[in-house]
Amino acid sequence: YFLVFVPVYIHFIHRYFVFEKRSLAKILILICTAFQLLYGGYFFGSYVNAHLNGKAQARYESVSADMARIPEQEQDSVIGFMTRTEYYLFGDIVPCHKYYTLQEGWARINPQILVDFMDYLRSDSRPLWLFTDPTETNPVLLEILSEHYTLQFESEYLVFYRAK
């Protein structure tokens, strides 16, 4: 949208102001106002959809209740795989590893990240708790879960495993 229409808008604004001998400052003010309206409306609309329709509140309540099921003395040994970063905040949990979210995304930049993370999950110092999205399909992770973890509970947003 912006790649097509913004240059057209700029062309017409420039043409109008150049032929009318208007100042460059007025052109910039108009362009800045247009971007604010376009971008502001987009971001504000996204905020309204995400936060004021109750879905975000329901997700917060569900995830925080799930995180509360992890014993307090074990909350320093929790990690998620390919989950939202905000889930740690919902449960007042500090992740126990530097690659605590979007591991596959980071691995696109450096494949060694995913290798190191999977090795960490196989190691003797693996985290006691691991949570994932219910639709997780990574074959390496599923193998690690079957060998080193047991399913504890699951909800609409997360599945929780505990080390054997």
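Residues numbered from 1 in each chain as written. Predicted model: local features only at pLDDT ≥ 70, side-chain atom pairs only at ≥ 80, totals over all residues. Heavy atoms only, no water.

Quick look at helix α6 (residues 112-122)
For an α-helix, the turn length of 3.6 residues means that residues three or four places apart are oriented alike. When α6 is considered as a whole, its buried residues turn out to be Ile-113, Leu-114, Phe-117, Met-118, Tyr-120 and Leu-121. Down the axis of α6, the buried set is contained in an arc of 155°. They therefore lie on one face. The inward-facing, buried residues of α6 abut β1 (78-81), α5 (103-109), β2 (129-132), α7 (139-148) and β3 (149-154). (Buried < 20%, exposed > 50% of the residue type's maximum accessible area, 1.4 Å probe, protein only. Helix = DSSP H or I, 4+ residues; strand = E, 2+ residues; numbered from the N terminus. Arc of directions from axis to C-beta. Contact = heavy atoms within 4.5 Å.)

What to know about the pattern of salt bridges
Throughout the structure, instances matching the rule amount to four salt bridges. The salt bridge involving Arg-162 is made with Glu-74; its shortest N-O contact spans 2.7 Å. Of this pair, Arg-162 sits in strand β4 (residues 159-163) while Glu-74 sits in the loop between α3 (55-68) and β1, and the two are 88 residues apart along the sequence. Here Asp-119 and Arg-122 are joined by a salt bridge, their closest N and O atoms 3.4 Å apart. Of this pair, Asp-119 and Arg-122 both sit in helix α6, three residues apart, roughly one helical turn. Take Arg-122: its relative accessible area is 32%, and that puts it in the partly exposed class. (Salt bridge = Lys/Arg side-chain N within 4 Å of Asp/Glu carboxyl O.)

So, the packing of α6 against α7
At a closest axis distance of 10 Å, the pairing of α6 and α7 adopts a crossing angle of 10°. One element, α6, and the other, α7, form an angle in the roughly parallel class. Of α7, the residues touching α6 (which contributes Met-118, Leu-121 and Arg-122) are Val-140, Leu-141, Ile-144 and His-148. Taken together, the residues of the contact of α6 with α7 break down into five nonpolar, one polar and one charged. (Axes fitted to C-alpha atoms, helices over the stretch in contact; angles between N-to-C directions. Parallel < 35°, antiparallel > 145°, perpendicular 65-115°, else oblique. Nonpolar A, V, L, I, M, F, W, Y, C, P; charged D, E, K, R; others polar.)

Structural notes on the sheet that holds β1
The sheet built from four strands is open, its strands ordered β1-β2-β4-β3 with mixed pairing. Of all the strands in the sheet, just β1 and β3 have a single pairing partner and so form its edges. Averaged over all pairs of adjacent strands, the angle between strand axes in this sheet comes to 25°, irrespective of strand direction. The pairing of β2 with β4 spans four bridges and is classified as antiparallel. Bridged to Phe-131 within β4 is Phe-160. Seen against the sheet, α6 touches β1, β2 and β3 and runs at an angle of roughly 135° to β1. (Pairing = 2+ DSSP bridges.)

Concerning the nonpolar core
Among the nonpolar cores identified, the biggest contains 32 residues, and Met-67 and Leu-121 are the most heavily contacted of them. Counting residues per element, the ones that place at least two in this core are α3, β1, α4 (86-90), α6, β2, α7, β3 and β4. The element best represented in this core is α6, accounting for six residues. Filtering out sequence-adjacent residues up to four positions away, Met-67 remains in contact with Gln-75, Tyr-87, Tyr-88, Gly-91, Ile-93, Phe-131, Leu-158 and Phe-160. (Core = buried A, V, L, I, M, F, W, Y, C linked by side-chain atoms within 4.5 Å.)

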